[in-house]
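What follows is each chain in one-letter form.
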Amino acid sequence: MFTDIENHWAKASILTIAEKNILKGYPDRTFRPDAPVTRGEFAAIVYTGLPKNSSSRPAIQFTDVPANHWAVNAIASAYQTGYLSGYPNRTFKPNQAIPRVQALTALVSGLGYQVTGDAIATLKKYYNDFGQIPSYAMNAIAAATQKRIIVNYPDIQRLQPNINATRGEIAAFICQVLEISTVPYKYIPGLELFVIPPQFDNADP
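Residues numbered from 1 in each chain as written. Predicted model: local features only at pLDDT ≥ 70, side-chain atom pairs only at ≥ 80, totals over all residues. Heavy atoms only, no water.

A. Main features of the environment of Tyr126. If you trace the backbone, Tyr126 turns up in helix 5 (residues 119–126). What makes Tyr126 buried here is its relative accessible area of 7%. Note: C-alpha distance between Tyr126 and Thr145 (19 residues apart in sequence) is 8.5 Å. (Helix = DSSP H or I, 4+ residues; strand = E, 2+ residues; numbered from the N terminus. Buried < 20%, exposed > 50% of the residue type's maximum accessible area, 1.4 Å probe, protein only.)

B. Representation of the environment of Leu15. Along the chain, Leu15 falls in helix 1 (residues 11–19). The partly exposed category is assigned to Leu15, whose relative accessible area is 31%. The contact partners of Leu15, leaving out residues within four places of it in the chain, are Met1, Phe2 and Ile5. (Contact = heavy atoms within 4.5 Å.)

C. Just the layout of surface pockets, in detail. Put simply, the largest pocket is a space of about 280 Å³. Surrounding the largest pocket, 16 residues form its lining, Lys147, Arg148, Gln176, Glu179 and Leu191 being those nearest its centre. Its residues placed into classes, the lining of the largest pocket shows nine nonpolar, four polar and three charged. (1 Å grid on protein atoms, 1.4 Å probe; cavity = no way out; pocket = protein on both sides within 12 Å on 5 of 7 lines; lining within 4 Å. Points joined across faces, edges and corners; volume = space filled by probe spheres on them. Nonpolar A, V, L, I, M, F, W, Y, C, P; charged D, E, K, R; others polar.)

D. Helix 4 (residues 100–111), seen in detail. With 12 residues, helix 4 extends 17 Å from end C-alpha to end C-alpha; this agrees with the ideal 16 Å at 1.5 Å per step. Buried residues dominate helix 4, accounting for 10 of its 12 residues. Elements in contact with the buried residues of helix 4: helix 2 (39–49), helix 6 (138–146) and helix 7 (167–177). Gly112 occupies a position one or two residues after helix 4 and carries a positive phi of about 75 degrees. (Expected span 1.5 Å × (residues − 1).)

E. Expanded view of the packing of aromatic side chains. Scanning the entire structure with this criterion turns up seven aromatic pairs. Across from the ring centre of Tyr26, 3.7 Å away, lies the NZ or CZ of Arg32, which sits over that ring. (Phe/Tyr/Trp six-rings, centres within 6.5 Å; stacked < 30°, edge-to-face > 60°. Lys NZ or Arg CZ within 6 Å of the ring centre and 35° of its normal.)

In structure tokens form, the structure reads like this:
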């Protein structure tokens, strides 16, 4: 049991992910749930815990990921299966903290999710700060909302797309992808999209 998650909102997600060895704690028995996640770490999480599509593009040698880098295989897999992309100068920036919008877009891309309907309308409906979502990510964030993999704590209407994703948040996203119910409904935008209306309101007793 980690010593620093007892009162953390993502405790159930963290314990689930740790039990599956998708995201581990530290030797001092801490998890550091509010610490940022790097792009290399995120690649390793995807590599360990999520379904893999067949390779959709050939491997690339990133100039800043040497052959002895601890996450070299995970980064190669995350790239080839469409979860993560590099930057135009053939760098991957494995030590750069990953923003929430980038993590969510990566999940949508790698899992092959597609938005249905009007993406902008979906974003406007659920997020007070939808204007902060980069244009490249709008369809992906709308798809992520419809698939119920986004978790917004403490305010369900604030996506905060450009702040760095924390270890606790990533644990919650992964649980949502794996359809393991660990996150309180009040933090999952779009959930009512899937509420089945009563069918028998007017039925004869």
